[in-house]
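In case you want the letters, here they are:
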Amino acid sequence: MIETDILVIGAGPCGLFTVFEAGLVKLRCHLIDALPQPGGQLAEIYPKKPIYDIPGFPMIMAGELVSNLMKQAEPFNPGFTLGERAEHIEKMEDGRWKVTTNRGTVHAAPVIAIAAGLGSFEPRKPEIPNLLNFEDKGVEYIIKDPEKFRDKNVVISGGGDSALDWTIFLADVAKRVTLVHRRSSFRGHLDSVHKVTELAATGKINIVTNSEVTGLNGSDNLESVTITNFDTEDITNLEADYFIPLFGLSPKLGPLKNWDLNLHKESITVNPIDCSTNIPGIYAVGDINDYPGKLRLILCGFHEATMMVQSAYKYINPDKNLVLKYTTVSGVKAF
Amino acid sequence: MEAVININVTDLLGNKHQIKAPTDMGLNLMEAIRANDLQIKATCGGMAMCATCHVVVINSHLLPAMSEDEEAMLDDAFLLNIPHSRLSCQLMLTPEMDGMEVKLGEGTGE
Ligand SMILES: Cc1cc2nc3c(=O)[nH]c(=O)nc-3n(C[C@H](O)[C@H](O)[C@H](O)COP(=O)(O)OP(=O)(O)OC[C@H]3O[C@@H](n4cnc5c(N)ncnc54)[C@H](O)[C@@H]3O)c2cc1C
Ligand code: FES
């Protein structure tokens, strides 16, 4: 069981900044995110887009903001459960909360900060009849540990940046990488498109365009995929240990709906004074919460996280008084 | 000339709404739908990066051609095979769109 002071659901910008603010008052954090990497929408949807409304940064790339937030949180040594979805919540006898993920990882903390944004990022799944049967048996939607693919036959499907980036990365890891794309051209960064074309020209990878993976075969684990060409209607079978469909991820509120929280549409209603929810000990910050005048902006989420941590401190230490100290005075005391 | 057009929007429950939208404010269809308090997720805020502003155009209208980005996004979200699919955020409102009818796609709700 992973134990911490504030269990943060969602490692987007607001979850990450919560770690920093909590660290200043000596509270530890552990974050759970369905994505394999921290950063939420910034990492998954627009890492290479500029943001212009972060105070003090006339312009910053979304990916860079995430790196900076990670660096800022680092002294406070946050724990991460990545690639897993917080699913189930339960009150323990000692008054703390117990949160279990879809993979069975158990966490316990007196306070939960829900920074779940627009919801848990879930993969878009192609319509292949027996796709679900092969999940975890060769079908992977997110890549947590690339070493898993060492010396394996890998088939990747998709035409955007993540399909291109992983094809390039796995070219040096896997035994063979085949990139299957439904269209004839790739979208995504020009550099990546060039690199992929180059790798194909030198025979390091195979590219199959105007085609789609239409079938998965194997007795228990995946053994091969069936690829159909749209133009010629040719059908081929290709040996495959892994099939990785990368058609992007979209956020779904999912399990949080069943946590008995007051909801307004897809958001959690909070008291804007401290972002507390209707359940004592559970807070919600960032895009996921709602109160009169709510704006879904990163900067507003940072403010919410700061207010929330003060209230969480008092909830955890009812007998102690917290005195606000400037960081210029106190510095950042790592733990 | 009045720069306000009428657009008919059918929501996910099948209810029809007539919305009015100005064509001289640089708005796209997704923003016009949202401004009328109809549920439209539009996660990416109009960058052709999420497909949660998907609409199906019901009546025939002269619409600008799809950009490569729009087409690729619809394809990635497995929506291209639904005829007359568009990303509403990529449709800048023009006077020619007066009377257009659209139906919100599944992905615009939860
Ligand atoms: C294209 C685009 C451009 C934008 N531009 C700007 C801008 O210029 N300025 C600005 O201020 N804002 C901008 N935004 C909005 C900004 O990205 C959001 O306000 C911000 O990401 C909210 O942060 P968050 O931490 O609340 O949530 P998110 O970034 O959404 O992160 C939430 C995380 O929680 C995870 N999660 C949710 N539920 C669970 C669960 N049950 N289990 C595990 N993990 C879970 C999700 O997987 C996700 O990673 C933009 C958004 C987009 C999409
Ligand atoms: S709002 Fe995201 S694609 Fe239109």
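Quick caveat: nothing in here was measured; it's all calculated off a predicted structure.

(A) Expanded view of the pattern of salt bridges. Inspection of the entire model under this criterion finds 18 salt bridges over all chains. A:Arg182 is the partner of A:Glu212 in a salt bridge, and the nearest nitrogen-oxygen pair spans 3.4 Å. Separated by 30 residues along the polypeptide, A:Glu212 in strand E15 (residues 211-217) and A:Arg182 in the loop between strand E13 (176-180) and helix H5 (190-201) bring together distant segments of the chain. What makes A:Arg182 buried here is its relative accessible area of 14%. Between B:Asp76 and A:Arg187 there is a salt bridge, with the nearest N and O atoms lying 2.6 Å from each other.

(B) Examining the site of ligand 1 more closely. Residues and elements named next belong to chain A. Taken together, 34 residues lie around ligand 1, and Asp33, Gln41, Tyr46, Asp53 and Asp287 are the ones closest in. One nitrogen or oxygen atom from the side chain of Asp33 is found 2.8 Å from an oxygen atom belonging to ligand 1. With respect to ligand 1, the backbone of Ala34 contributes an N or O atom lying 3.1 Å from a nitrogen atom. For the shell around ligand 1, the secondary structure elements donating two or more residues are helix H1 (13-24), strand E3 (29-33), helix H2 (40-44) and strand E11 (120-123). Among the elements that line the shell around ligand 1, the one with the most residues is H2, at 3 residues. Split by residue class, the shell around ligand 1 holds 19 nonpolar, 9 polar and 6 charged.

(C) Structural detail: the domain arrangement of chain A. Residue and element names in this part refer to chain A. Per the domain assignment, the segments of chain A are domain 1 (2-121 + 250-330) and domain 2 (125-247). Look at where the C-alpha atoms of domain 1 and domain 2 centre, and you get two points 34 Å apart. If you look at the interface, domain 1 gives 7 residues, while domain 2 gives 6 residues. The partner of Asp136 in a salt bridge is Arg103, and the shortest N-O contact between them spans 3.3 Å. Linking domain 1 with domain 2 are 2 residue pairs in polar contact (both at pLDDT 80 or more). For the side of domain 1 that touches domain 2, the per-class residue count stands at 3 nonpolar, 1 polar and 3 charged.

(D) Examining the sheet that holds E15(A) more closely. All names here are of chain A. Read across the open sheet, the 3 strands follow the order E15-E16-E17; overall the sheet is antiparallel. Each edge of the open sheet carries a strand with a single partner, namely E15 and strand E17 (235-239). Here the strands of the sheet are splayed against their neighbours by 30° on average, with no regard to which way each runs. Across 6 bridges, E15 lies against strand E16 (residues 224-229) in antiparallel orientation. Paired with Asn217 across the two strands is Ser224, which belongs to E16.

(E) Local environment of the interface of chain B and chain A. If you look at the interface, chain B gives 17 residues, while chain A gives 18 residues. With both sides pooled, the region where chain B packs onto chain A buries about 1700 Å², and carbon together with sulfur makes up 51% of that total. Of all residues in chain B, the largest losses of buried area upon contact with chain A belong to B:Asp76, B:Phe78 and B:Glu110, amounting jointly to 38% of the total for that side. In this structure, the connection of chain B to chain A is made through 4 salt bridges. Here the residues of the side of chain B that touches chain A sort into 9 nonpolar, 1 polar and 7 charged.

(F) Inspection of the packing of helix H4 (residues 161-171) of chain A against H5(A) at higher detail. Residues and elements named next belong to chain A. At a minimum axis separation of 10 Å, H4 and H5 run at an interaxial angle of 45°. Viewed along their axes, H4 and H5 adopt a mutual orientation that is oblique. The chirality of how H4 crosses H5 is left-handed. Along its contact with H4, which presents Asp161, Leu164, Asp165, Ile168 and Ala171, the element H5 presents Ser192, Val193, Lys195, Val196 and Leu199.

(G) Spatial organisation of the packing of H1(A) against helix H3 (residues 62-73) of chain A. Residue and element names in this part refer to chain A. Viewed as axis vectors pointing N to C, H1 and H3 meet at an angle of 20°, and their least axial separation amounts to 8 Å. Judged by the inter-axis angle, H1 sits roughly parallel to H3. Remark: the crossing between H1 and H3 carries left-handed chirality. For the pair formed by H1 and H3, the contact residues are Pro13, Leu16, Phe17, Val19 and Phe20 on the first element and Val66, Leu69, Met70, Gln72 and Ala73 on the second.

(H) Molecular detail of the packing of aromatic side chains. All names here are of chain A. Per the stated rule, a full pass over the model turns up 7 aromatic pairs over all chains. An angle of 45° between the planes, with centres 5.3 Å apart, marks the rings of Phe76 and Phe335 as tilted. In this pair, Phe76 sits in the loop between H3 and strand E6 (79-82) while Phe335 sits in the segment after helix H7 (327-330), placing the two residues 259 residues apart along the sequence. Given the relative accessible area of 26%, Phe335 is considered partly exposed. An angle of 80° between the planes, with centres 4.8 Å apart, marks the rings of Phe149 and Tyr242 as edge-to-face. With a gap of 93 residues between them, Phe149 in the loop between E11 and strand E12 (153-157) and Tyr242 in strand E18 (residues 242-245) connect regions that are remote in the sequence. On the basis of relative accessible area, Phe149 is assigned to the buried category, the value being 1%. Accessibility expressed as a relative area gives 14% for Tyr242, which makes it buried. Three or more aromatic residues link up through ring pairs in this structure, and these residues are Phe17, Phe20, Phe76, Phe302 and Phe335. Looking at Lys91, its charged tip hangs above the ring of Trp97, at a distance of 4.6 Å from the centre.

Each value, and the rule that gives it
Here the residue index of a chain counts from 1 through its sequence in written order. Both sets of labels track the order of writing: A upward for chains, 1 upward for ligands. In keeping with the model being predicted, local features are shown solely for residues with a pLDDT of at least 70 and side-chain atom pairs are shown and tallied solely at 80 or more, while totals for entire chains, interfaces and linings include all residues. Values shown for side chains rest on all heavy atoms present in the structure; no hydrogens or waters enter the calculation. By convention in these notes, a salt bridge is any Lys or Arg side-chain nitrogen within 4 Å of a carboxyl oxygen on Asp or Glu. Counting from the N terminus, the helices are the DSSP runs of H or I reaching at least four residues and the strands are the DSSP runs of E reaching at least two. Here the term buried applies to any residue with accessible area under 20% of the maximum for its type, exposed to any over 50%, and partly exposed to those in between, with areas from a 1.4 Å probe on protein chains only. Nearness here has a simple test: a residue counts as near a molecule or strand if at least one of its heavy atoms is within 4 Å of that partner. Here a polar contact is taken to be a pair of N or O atoms separated by no more than 3.5 Å, where protein atoms must pair a possible hydrogen donor with a possible acceptor and residues adjacent in sequence count only if both atoms sit in side chains. Asp, Glu, Lys and Arg are counted as charged, while Ala, Val, Leu, Ile, Met, Phe, Trp, Tyr, Cys and Pro are counted as nonpolar; the rest, among them Gly, fall into the polar class. Domain extents, as shown, originate in an automatic or database domain assignment. Should any heavy atoms of two residues lie within 4.5 Å, those residues are considered in contact. Strand pairing is assigned whenever DSSP detects at least two bridges linking the two strands. Axis lines are fitted through C-alpha atoms, for helices just across the contact stretch, and the angle between N-to-C directions can take any value from 0 to 180 degrees. Buried area is a sum: the accessible area each of two parts loses on coming together, probed at 1.4 Å, counted once for each and added. Any angle between 65 and 115 degrees counts as roughly perpendicular, while under 35 counts as roughly parallel, over 145 as roughly antiparallel, and the rest as oblique. Note on convention: the crossing is left-handed when the near helix lies turned anticlockwise from the far helix by less than a right angle, right-handed when the turn is clockwise. Aromatic rings from Phe, Tyr and Trp, taking only the six-membered ring of Trp, are treated as a pair when their centres fall within 6.5 Å; an angle between ring planes under 30 degrees marks them as stacked, one over 60 as edge-to-face, and anything in between as tilted. By the criterion adopted, a ring carries a charge over it if an Arg CZ or a Lys NZ lies within 6 Å of its centre and within 35 degrees of its normal.

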